[in-house]
Every structure is written in structure tokens, then in C-alpha cells.
Amino acid sequence: MTDAIASRVEGVLGELRALGKADALAGMAHYGIRSEGRFGVSVPNVRAVARRFRRDHELALALWGTGIGEARILAAMVDDPAQVTLRQMERWAGDLDSWDVCDGLCSELLRKTPYAHQKAGEWSGRKKEFVKRAGFVLMATLAVHDTAAADAVFVGYLGIIEREAGDGRNFVKKAVNWALRQIGKRNARLNREAVRAAERIRKQESSAARWVAADALRELRSDAVQSRLAARGKKRT
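(A) Structural detail: the pattern of salt bridges. Per the counting criterion, the structure on display carries 26 salt bridges. In this structure, R200 and E162 form a salt bridge, with 2.7 Å as the shortest nitrogen-oxygen distance. Of this pair, R200 sits in helix α12 (residues 188-202) while E162 sits in helix α10 (residues 151-164), and the two are 38 residues apart along the sequence. For R200, a relative accessible area of 44% corresponds to the partly exposed category.

Right, dumping it as C-alpha cells:
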């Protein structure tokens with residue numbers, strides 16, 4: 001790290017420290033967010049800082065290297081997806097130890113890289129809790145944002161979701177559920193496929209799998225989702 005980058009990092013950390021609130025740390029712990037080594041800065045405040053540093057790969061690498069949660073969320077917001085490498089993705093995923101940093105990394109940065117679908121598939125089969133979560137978070141965010149991807153890609157993800165739905169770890173099963181719901185809300189065809197997948201998952205012996213299926217079916221079959229998908233279909237005809 002150059003002296004110039006080090007100086008900028010110190011300046012940014014100073015800003016984050018000033019925005020931090022001690023009582024927010026207790027709130028983070030309540031929601032299962034790792035609070036050690038944090039300042040207690042809200043995501044909107046982190047985003048406000050990030051607006052001044054768009055597409056700054058060097059700064060992002062340095063911020064991530066601090067190990068501070070808010071700095072890592074900021075790093076995901078300011079990094080340049082075009083400069084992110086597979087090696088960086090693996091290294092950063094391996095560093096994950098809190099769901100908020102995991103989700104921020106995937107939604108703000110990794111889904112925008114050329115390797116997003118590749119890593120969604122790979123990471124969903126990993127053993128490490130937050131790496132595995134990252135795989136399913138990528139599926140969920142890609143279902144929303146990658147409008148060019150074919151339905152077949154997401155049908156393939158449904159197969160992975162069925163395979164991994166029995167993982168009872170809280171942060172994994174919630175991400176599996178999220179991916180299933182987001183895929184099922186993408187369009188009418190994928191809704192039908194996701195409902196069928198959820199019905200099969202519901203028959204698994206795992207209590208985690210049954211929870212994933214029941215929660216997803218409740219939303220995917222809801223009047224609100226069905227009406228929205230029907231309206232979307234009419235617009236395309």
C-alpha cells in the first residue's frame with residue numbers, strides 16, 4: 001500500500017469512526033451481525049461516504065484489508081467490478097464472518113462481475129458458512145438484477161437449492177430461502193418451477209428444508225406475487 005493510499009484510508013476510517021454510534025453495536029448483535037471491531041455505522045451513512053469514491057479499486061483493496069466491517073461494506077461499494085479478479089473474489093469470500101458484509105459484498109459488487117454466475121454455483125457447494133451463504137445471495141441478487149440471463153440458468157439454481165436446502169445453519173438456510181423466493185418472483189415460468197421445487201423440498205426430512213419450502217411457498221403463491229407476475233406477463237404480450 002502506498003503512502004497516499006494509506007493516508008486516504010486513515011481519512012476514511014476517521015469519517016466512519018465519527019459516524020459510529022456505540023448503541024448501534026448492541027443493535028447489530030441483536031440481529032446476528034458480528035459487532036467486534038466495528039464503529040456502529042448505519043449502511044445509509046456508509047453509502048453516503050461511498051458516493052465520493054465510486055470506482056476506486058486501490059482504495060477498495062486497502063479498505064477491505066483493514067478488517068473493519070463498515071470499511072469492508074464501503075470497499076464493496078467503491079470497488080470497480082471490471083477490475084475484480086477471481087483470486088480477489090475467493091480471498092474476500094474467505095474473509096467473510098458476518099452476514100451483512102456478505103450480503104453487501106454480493107449485492108454491491110460481486111453480482112456485477114463477469115464471474116458472478118460461476119461463483120454462485122461454486123460457492124453454494126462450499127462448506128464454509130459465509131462462503132456458502134454468498135453463493136445463494138448471488139443467486140438471489142442475480143435473479144433480480146441480471147435481466148439478460150436465461151431462465152435455464154435459474155432452473156439450474158433451483159436444483160442446487162433443492163440439494164442444499166437441508167443445511168440447518170441459520171445464515172445458510174435464510175440465503176437458500178431468499179434465492180428460492182427471488183427466482184420464483186422473476187417471471188411466471190420461474191414461479192411455477194420454484195413452486196414445484198419448493199414442494200419437493202417440503203418432502204425432505206430436514207426441518208431446515210421444510211422451513212425453507214413453507215416460507216417460500218407462502219410468498220410465491222400469495223395474491224400479491226401472482227398479480228404482479230400476471231401484470232408483468234400482460235405487458236410483454
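(B) Region of the structure containing the environment of K203. Within the element layout of this structure, K203 appears in the loop between α12 and α13 (207-220). Sequence separation between K203 and M89 is 114 residues, and the spatial gap between their C-alpha atoms is 35 Å.

(C) Here's a closer look at the packing of aromatic side chains. Per the stated rule, a full pass over the model turns up three aromatic pairs. Taking 4.2 Å as the distance between ring centres and 5° as the angle between the ring planes, the aromatic pair formed by W64 and W92 counts as stacked. Note that W64 is positioned in helix α4 (residues 57-65) and W92 in helix α6 (residues 86-95), a separation of 28 residues in sequence. Accessibility classification places W64 together with W92 in one group, the buried group. Between F154 and Y157 the ring centres are 5.7 Å apart and the planes differ by 80°, which places this aromatic pair in the edge-to-face class. Of this pair, F154 and Y157 both sit in helix α10, three residues apart, which is roughly one turn of that helix. Y157 gets classed as buried once you look at its relative accessible area, which sits at 6%.

Criteria and cut-off values
Residues numbered from 1 in each chain as written. Predicted model: local features only at pLDDT ≥ 70, side-chain atom pairs only at ≥ 80, totals over all residues. Heavy atoms only, no water. Salt bridge = Lys/Arg side-chain N within 4 Å of Asp/Glu carboxyl O. Helix = DSSP H or I, 4+ residues; strand = E, 2+ residues; numbered from the N terminus. Buried < 20%, exposed > 50% of the residue type's maximum accessible area, 1.4 Å probe, protein only. Phe/Tyr/Trp six-rings, centres within 6.5 Å; stacked < 30°, edge-to-face > 60°.

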